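The chain contents come next:
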Amino acid sequence: DLISKYGNPEFENEAWVVYKYTLAGKSVSSVFRYKQDRLYQGAYLLDEKHTNRNDYINDYDKFKGLLTKKYGEPKEDETYWKKDLYKDDYSDWGMAVAVGHLIKYSSWSDEKTDIECSIQGDNYKIEVTIVYKSIELKEWVEKEDEEIQLDDF
């Protein structure tokens, strides 16, 4: 159904279908995850490259703002500092994210879906993501994942 609706993907296998997409004027990869032909998760992963790392925070804030307009105030809205070396100077917050010192996270839920928006980084790479997860399929996916892990033993 997905391929008939959106066309040929950039990548696909039995578990993933990936498209290049524009979301709120930003280049993203849209990733759809399947188990046994059942869609259980969708995500947008920011593909933009910025020389000013604070621009990633601006992208996160833009996505969070749009999600808030659509779904209301987040049920969780966290700014977590692992280390506060860069905390006192906002112009360094992008660097703080890039080295893993700062994580920002927001979440929403409706009747069928949990929605998460986050920015985090490590080793000077920053990820801005929006993830949609099926509430109905959550326990089933966890059980399937556990069975796969048990097969490893």
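What comes next concerns the included structure.

Parameters and conventions
Residues numbered from 1 in each chain as written. Predicted model: local features only at pLDDT ≥ 70, side-chain atom pairs only at ≥ 80, totals over all residues. Heavy atoms only, no water. Helix = DSSP H or I, 4+ residues; strand = E, 2+ residues; numbered from the N terminus. Buried < 20%, exposed > 50% of the residue type's maximum accessible area, 1.4 Å probe, protein only. Contact = heavy atoms within 4.5 Å. Lys, Arg positive; Asp, Glu negative; His and termini not counted. Charge placed at Lys NZ, Arg CZ, Asp CG, Glu CD. Salt bridge = Lys/Arg side-chain N within 4 Å of Asp/Glu carboxyl O. Pairing = 2+ DSSP bridges. Axes fitted to C-alpha atoms, helices over the stretch in contact; angles between N-to-C directions. Core = buried A, V, L, I, M, F, W, Y, C linked by side-chain atoms within 4.5 Å.

### Remarks on the overall build of the protein chain
Phase 1 of the analysis: A tally of helices and strands in the protein chain yields four helices and eight strands.
Phase 2 of the analysis: Counted from the first residue to the last, the protein chain has its helices and strands arranged as α-β-β-β-β-α-β-α-β-β-β-α.
Phase 3 of the analysis: Along the longest, intermediate and shortest principal axes, the C-alpha atoms of the protein chain span 50 × 40 × 30 Å.
Phase 4 of the analysis: In the protein chain, buried positions account for 39% of the 153 residues.
Phase 5 of the analysis: In the protein chain, 43% of the contacts between residues at least 6 apart in sequence involve partners at least 24 apart.
Phase 6 of the analysis: Treating the 22 positive side-chain charges of the protein chain as one cloud and the 33 negative ones as another, the clouds have centres 4 Å apart.

### Points about the pattern of salt bridges
Phase 1 of the analysis: One pass over the full model with this rule turns up six salt bridges.
Phase 2 of the analysis: A salt bridge links Lys-26 to Asp-59, with the shortest nitrogen-to-oxygen separation between them at 3.1 Å. Here Lys-26, found in strand S3 (residues 26–35), pairs with Asp-59, found in helix H2 (residues 54–71); they are 33 residues apart in sequence, far enough to count as distant. For the pair Lys-26 and Asp-59, one class covers both residues: buried.
Phase 3 of the analysis: Where Lys-64 meets Asp-77, a salt bridge forms, and the shortest distance between an N and an O atom there is 2.9 Å. With Lys-64 in helix H2 and Asp-77 in strand S5 (residues 76–81), the pair connects residues that are 13 residues apart, well separated along the chain.
Phase 4 of the analysis: Taking relative accessible area as the criterion, Asp-77 reaches 41% and is therefore assigned partly exposed.

### A word on the sheet that holds strand S6 (residues 102–109)
Phase 1 of the analysis: Spatially, the eight strands line up as an open sheet ordered S1-S2-S3-S4-S8-S7-S6-S5, and their pairing is antiparallel. The open sheet has two edge strands with one neighbour each: strand S1 (11–12) and S5.
Phase 2 of the analysis: Two elements, S5 and S6, share six bridges in a ladder whose sense is antiparallel. Residue Trp-81 lies in a different strand from S6, and its bridge partner there is Leu-102.
Phase 3 of the analysis: H2 rests against strand S2 (16–23), S3, strand S4 (38–46), S5, S6, strand S7 (113–122) and strand S8 (125–134) of the sheet, and its axis sits at about 170 degrees to S7.
Phase 4 of the analysis: Helix H4 (residues 138–151) rests against S3, S4 and S8 of the sheet, and its axis sits at about 75 degrees to S3.

### A look at the nonpolar core
Phase 1 of the analysis: With 22 residues, the main nonpolar core has Phe-63, Cys-117, Ile-119, Ile-126, Val-128 and Ile-130 as its most contacted residues.
Phase 2 of the analysis: Those elements that provide at least two residues to this core are S4, H2, helix H3 (93–98), S6, S7 and S8.
Phase 3 of the analysis: At five residues, H2 tops the list of elements feeding residues into this core.
Phase 4 of the analysis: Setting aside anything within four residues of it in sequence, one finds Val-128 in contact with Tyr-44, Leu-45, Leu-46, Tyr-56, Tyr-60, Phe-63, Ser-118 and Ile-119.
Phase 5 of the analysis: Counting residues in each nonpolar core, the second largest holds five residues, with Leu-2, Val-17, Phe-32 and Tyr-34 among its members.

### A closer look at the pairing of S7
Phase 1 of the analysis: Where S6 lies against S7, six bridges are found, and the strand directions are antiparallel. Looking across to S7, one finds that Trp-108 is bridged to Ile-115.
Phase 2 of the analysis: Between S6 and S7, which follow one another and run antiparallel, lie three residues.
Phase 3 of the analysis: Pairing of S7 with S8, which is carried by 10 bridges, proceeds in the antiparallel orientation.

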